[in-house]
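So you can see what is in the structure, the chains are spelled out below.
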Amino acid sequence: MQTGQSQEIVRRFFEAVHRLKADKVIRGKQTFTERYGINRWNFNTLEKDMSRDIFQVAWLGFLVSDYKVSPSWLLVGEGSFYQPDWDASSVKKLQNNCK
């Protein structure tokens with residue numbers, strides 16, 4: 001079972017996925033799960049019950065390296081959502097160039 005602090009990080013992870021969708025960087029959860037070979041059933045189960053012990057730390061790394069989400073924001077909830085010098089538009093261009 002995840003600790004309270006771990007569940008907060010998982011909550012921010014899903015908040016980030018939803019924000020990327022709202023910012024039109026990704027089309028939705030399926031875009032993310034297919035890109036990284038994540039079992040969508042587990043992904044959706046975890047979103048509904050964040051106390052489950054199926055979260056993979058690598059998922060945070062995907063957000064940081066490929067979508068330029070701030071690691072500080074993900075881990076402690078401080079600062080801007082995107083890393084310095086990045087915004088939704090520039091991350092979307094980066095994603096288009098990766099296809």
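Before any of the text, the structure's been laid out above.
Here the structure is a predicted model, which means the values were calculated and not measured. (Residues numbered from 1 in each chain as written. Predicted model: local features only at pLDDT ≥ 70, side-chain atom pairs only at ≥ 80, totals over all residues. Heavy atoms only, no water.)

Asks: Help me out: how do you make sense of the packing of aromatic side chains in this one?
Replies: Each aromatic ring pair is summarised here by two numbers: the centre-to-centre distance and the angle between the ring planes. This structure, assessed with the given rule, holds 15 aromatic pairs. Taking 6.1 Å as the distance between ring centres and 40° as the angle between the ring planes, the aromatic pair formed by Phe 32 and Tyr 67 counts as tilted. One end of the pair, Phe 32, is in helix 2 (residues 29-36); the other, Tyr 67, is in helix 4 (residues 58-67), with 35 residues separating them in the sequence. Take Phe 32 and Tyr 67: they sit in the same class, and that class is buried. Where Phe 55 meets Trp 59, the ring centres are 5.2 Å apart and the plane angle is 80°; that geometry is what we call edge-to-face. Judged by its relative accessible area of 14%, Phe 55 is buried. Through pairs of rings, three or more aromatic residues link up here, namely Phe 13, Phe 14, Phe 32, Tyr 36, Phe 43, Phe 55, Trp 59, Phe 62 and Tyr 67. (Phe/Tyr/Trp six-rings, centres within 6.5 Å; stacked < 30°, edge-to-face > 60°. Helix = DSSP H or I, 4+ residues; strand = E, 2+ residues; numbered from the N terminus. Buried < 20%, exposed > 50% of the residue type's maximum accessible area, 1.4 Å probe, protein only.)

Asks: Help me understand the nonpolar core, please; the structure alone is not making it clear to me.
Replies: In summary, soluble globular proteins display a tendency toward joint burial of nonpolar side chains. Counting residues in each nonpolar core, the largest one holds 25 residues, and the members touching the most others are Phe 13, Leu 20, Val 25, Phe 32, Phe 43, Leu 63 and Tyr 67. When contributions to this core are tallied by element, the ones reaching two or more residues are helix 1 (4-22), helix 2, helix 3 (40-48), helix 4, helix 5 (71-76) and helix 6 (88-98). If one sorts the elements of this core by residue count, helix 1 sits on top with six residues. (Core = buried A, V, L, I, M, F, W, Y, C linked by side-chain atoms within 4.5 Å.)

Asks: What is the right way to read the packing of helix 2 against helix 3 from this model?
Replies: The angle between the axes and the distance between the axes are what describe a pair of packed helices. Following both chains from N to C, one finds helix 2 and helix 3 inclined at 130°, their axes separated by 10 Å at the closest point. Here helix 2 is positioned oblique relative to helix 3, judged by the angle of their axes. For helix 2 against helix 3, the interelement crossing comes out right-handed. Residue-level contacts link Lys 29, Gln 30, Phe 32 and Thr 33 of helix 2 to Arg 40, Phe 43, Asn 44 and Glu 47 of helix 3. Looking at the contact of helix 2 with helix 3 residue by residue, the classes come out as two nonpolar, three polar and three charged. (Axes fitted to C-alpha atoms, helices over the stretch in contact; angles between N-to-C directions. Parallel < 35°, antiparallel > 145°, perpendicular 65-115°, else oblique. Left-handed = near helix turned anticlockwise from the far one by under 90°. Contact = heavy atoms within 4.5 Å. Nonpolar A, V, L, I, M, F, W, Y, C, P; charged D, E, K, R; others polar.)

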